[in-house]
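Inside the fold
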Amino acid sequence: MKSKSGSQKVYPAHTRWLTFVGTLLAQFALGSVYTWSLFNAPFASKLHSTIPNVAFTFGILCLGLAIASSFAGKLQDKFGVKTVTIASAILLLIGLTATGFSSNLMVLWITGGVLVGIADGAGYLLTLTNCVRWFPERKGLISAFSIGCYGLGSLAFKFINVDLLTHFLLSSAMMWWGVIAAIICIVGALLMTDAPHQNVKVSGGEIQKDYTLAEAMRKPQYWLLALMFTTAMMGGLYVVGVAKDIAQSMVHLDAITAANAVTVVAVANLLGRLVMGIMSDKVSTIRVVTFGQIVCLVGMVMLNFAHLHEVSFFFALACVAFNFGGHLTTYPSLVSEFFGLNNVTKNYGVIYLGFGIGSFLGSVIASMFGGFQATFWVIFVLLIVSIVFSLTVRRPASTAKV
């Protein structure tokens, strides 16, 4: 950011750390949407519908989240991170409160799916990438902590929302969920400042070029990264989403043991975010992505070819969840390394559509071809293709001497 005289504005040293703390708070609050499954049964009972029909709301939410994320950069340019994050918190409160009063499935899908998804997506990617831009020297670590807080929010709100459902009617529980999440998110927003323009130096004392979204999308590397990301999201969201069902139908575990799949996923997901995020500050980010893909491939080989029992199934599940969490952490850094740091919100935003597309495709393939195994095979093939891409893709020649 420049002053009227054209010079670079100088911020106090604590500004970026306040932004970091604010980002953690916002990510924590926005991560609460991943407790949606707690509300499937209550809404199914209220609306006299089936749990799968109600659960479809979360699929819409994920798609809305991904679409909203693709516009986050333009919103920041026009209004700034503080204003957009506050608006995101308010829309989240409105969406959750309105969801509590849903009288039919269509209203539920619009309020709990579209509105909540847009609110969450606009705030999630914007705050994450803005914070990463403040710390060009430790992008992976900052991303790991930020996205880790997003996951931690889903864990903490699990207990909060269970308590709310115990003590309040469904409509009131939804409203109080919105109030708590919005307050935390707004407090975080008030601590944030838009990141200034960063001149990132690469080898030979050159300054990295910042590609606009239009310029980046004209590069084949952009679409290779997008396919790799979509593959990781399909594997993570589909396999993780039906983990308990796989455990019972394919591995023949009892319901109590199968429920442990949720814990395995949560731990492996968080581990992937931390390990791959920290690694990306020490090793080439694309090599860290390759490492995650290979870990995921091990899991998919086991799911497709191995005779599964309790231990082998949980190990395979952990491999897929590890890569899923790791991709979410490393991709902001990877996109900034390929196409510049200052436009990362816009450039990553379109790639992040793969989050919604991957989730949608996994379910569609399973529905069309009759179960888990068809989707597993598609993920397996796409993983092999993605590994080849990650081993061969090179950053665009985009630097110029100072």
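A quick note: this is a predicted structure, and the numbers were derived from the prediction, not measured.

1. Observations regarding the packing of helix H14 (residues 285–305) against helix H18 (residues 372–392)
- Contact pair H14 / H18: the axes reach a minimum separation of 9 Å and the direction vectors enclose 155°. Between H14 and H18, the crossing angle belongs to the class labelled roughly antiparallel. Like other packed secondary-structure pairs, H14 and H18 cross with a definite hand, here left-handed. Note on element contacts: H18 touches H14 through Gln 373, Phe 376, Trp 377, Ile 379, Phe 380, Leu 383, Ile 384, Ser 386, Ile 387, Ser 390 and Leu 391, opposite Ile 286, Arg 287, Thr 290, Gln 293, Ile 294, Cys 296, Leu 297, Met 300, Val 301, Leu 303, Asn 304 and Phe 305.
- Split into classes, the residues belonging to the contact of H14 with H18 amount to 16 nonpolar, six polar and one charged.

2. Remarks on the packing of helix H13 (residues 260–279) against helix H15 (residues 310–339)
- The geometry of H13 relative to H15 is characterised by a closest axis approach of 6 Å and an angle of 40° between their N-to-C directions. The orientation of H13 with respect to H15, classified from their angle, is oblique. Crossing of H13 over H15 shows right-handed handedness. Residues Asn 260, Ala 261, Val 264, Val 265, Ala 268, Asn 269, Leu 271, Gly 272, Arg 273, Val 275, Met 276 and Gly 277 of H13 lie in contact with H15, whose contacting residues are Phe 314, Leu 317, Ala 318, Ala 321, Phe 322, Phe 324, Gly 325, Gly 326, His 327, Leu 328, Thr 329 and Thr 330.

3. Topic: the domain arrangement of the protein chain
- Split by domain assignment, the protein chain resolves into domain 1 (12–195) and domain 2 (211–393).
- Computed over C-alpha atoms, the centres of domain 1 and domain 2 are 22 Å apart.
- Across the boundary between the two partners, domain 1 contributes 30 residues, which contact 25 residues of domain 2.
- Summed over both sides, the interface of domain 1 with domain 2 buries roughly 2300 Å², with 70% coming from carbon and sulfur.
- At the junction of domain 1 and domain 2, the tally comes to one salt bridge.

4. Some words on helix H8 (residues 170–190)
- For H8, with 21 residues, the first-to-last C-alpha span of 30 Å sits near the 30 Å given by 1.5 Å per residue.
- Listed in full, the buried residues belonging to H8 are Leu 170, Ser 171, Ala 173, Met 174, Trp 177, Gly 178, Ala 181, Ala 182, Cys 185, Gly 188 and Ala 189. Buried residues of H8, seen end-on, are gathered within an arc of 160° and therefore sit on one face of the element. Facing away from the buried side of H8 by over 90 degrees, the exposed positions are Ile 183 and Leu 190.
- On its buried face, H8 is in contact with helix H1 (14–30), helix H2 (40–47), helix H5 (81–100) and helix H7 (139–167).

5. Some words on the confidence of the model for the protein chain
- When pLDDT is averaged along the protein chain, the result is 86; 93% of the residues meet or exceed 70.
- Between residues 1–7, whose pLDDT stays under 50, and residues either more than four places distant or in other chains, the model counts 11 contacts.

6. Comments concerning the environment of Ala 89
- Topologically, Ala 89 is positioned in helix H5.
- On the basis of relative accessibility, which here comes to 0%, the residue Ala 89 falls in the buried class.
- It is 7.8 Å that separates the C-alpha atoms of Ala 89 and Gly 123, two residues lying 34 residues apart in sequence.
- Each residue touching Ala 89, except ones within four places of it in the same chain, is listed here: Ala 182, Cys 185 and Ile 186.

7. Overview of the nonpolar core
- Among the nonpolar cores identified, the biggest contains 69 residues, and Tyr 124, Leu 328, Tyr 331, Tyr 348 and Phe 355 are the most heavily contacted of them.
- Top contributing element to this core by residue count: helix H6 (residues 105–134), with nine residues.
- Of all hydrophobic cores here, the second largest spans 33 residues; its members include Tyr 238, Ala 247, Val 265 and Ala 318.

8. Structural notes on H15
- Between its first and last C-alpha, H15 extends 43 Å over 30 residues, near the 44 Å set by a 1.5 Å rise per residue.
- In H15, a bend of some 40° at Thr 330 exceeds every other bend along the element, and Pro 332, a proline, comes one to four places later.
- Counted residue by residue, H15 has 27 buried out of 30 residues, so it is predominantly covered.
- In the segment just after H15, Gly 340 is the residue with positive phi, at about 100°.

9. Some points on unusual backbone geometry
- In the Ramachandran plot, His 48 falls in the positive-phi region, its phi being about 55° despite a non-glycine side chain.
- By the element assignment, His 48 lies in the loop between H2 and helix H3 (51–70).
- For His 48, a relative accessible area of 75% puts it in the exposed group.

10. Topic: the packing of aromatic side chains
- Evaluated as defined, the whole model comprises 27 aromatic pairs.
- Pairwise contacts between aromatic rings join Tyr 34, Phe 58, Tyr 124, Tyr 150, Phe 229, Tyr 331, Tyr 348, Tyr 352 and Phe 355 into one cluster.
- The ring of Phe 159 has Lys 158 lying over it, and the distance from NZ or CZ to the ring centre is 6.0 Å.
- In this structure, Lys 209 is placed above the aromatic ring of Tyr 211, and the distance from its NZ or CZ to the ring centre is 4.5 Å.

11. Focus on the environment of Ala 316
- As for its placement among the helices and strands, Ala 316 is situated in helix H15.
- Residue Ala 316 is classed as buried on the basis of its relative accessible area, which comes to 0%.
- Each C-alpha atom, one on Ala 316 and one on Val 301, is 8.3 Å from the other, the two residues being 15 residues apart in sequence.
- When residues no more than four places from it in sequence are discounted, the contact partners of Ala 316 are Gly 299, Met 302 and Leu 303.

12. A short note on the environment of Phe 322
- Along the chain, Phe 322 falls in helix H15.
- As for Phe 322 and Leu 126, which are separated by 196 residues in sequence, their C-alpha atoms are 24 Å apart.
- When sequence neighbours within four positions are dropped, the list of residues in contact with Phe 322 reads Ala 268, Asn 269, Leu 271, Gly 272, Val 275, Met 276, Phe 291 and Val 295.

Parameters and conventions
- Residues numbered from 1 in each chain as written.
- Predicted model: local features only at pLDDT ≥ 70, side-chain atom pairs only at ≥ 80, totals over all residues.
- Heavy atoms only, no water.
- Axes fitted to C-alpha atoms, helices over the stretch in contact; angles between N-to-C directions.
- Helix = DSSP H or I, 4+ residues; strand = E, 2+ residues; numbered from the N terminus.
- Parallel < 35°, antiparallel > 145°, perpendicular 65-115°, else oblique.
- Left-handed = near helix turned anticlockwise from the far one by under 90°.
- Contact = heavy atoms within 4.5 Å.
- Nonpolar A, V, L, I, M, F, W, Y, C, P; charged D, E, K, R; others polar.
- Domains from an automatic or database assignment.
- Buried area = accessible area lost by both parts, 1.4 Å probe.
- Salt bridge = Lys/Arg side-chain N within 4 Å of Asp/Glu carboxyl O.
- Expected span 1.5 Å × (residues − 1).
- Buried < 20%, exposed > 50% of the residue type's maximum accessible area, 1.4 Å probe, protein only.
- Arc of directions from axis to C-beta.
- pLDDT = per-residue confidence, 0-100.
- Core = buried A, V, L, I, M, F, W, Y, C linked by side-chain atoms within 4.5 Å.
- Bend = angle between axes of the 7 residues up to and from the residue.
- Phe/Tyr/Trp six-rings, centres within 6.5 Å; stacked < 30°, edge-to-face > 60°.
- Lys NZ or Arg CZ within 6 Å of the ring centre and 35° of its normal.

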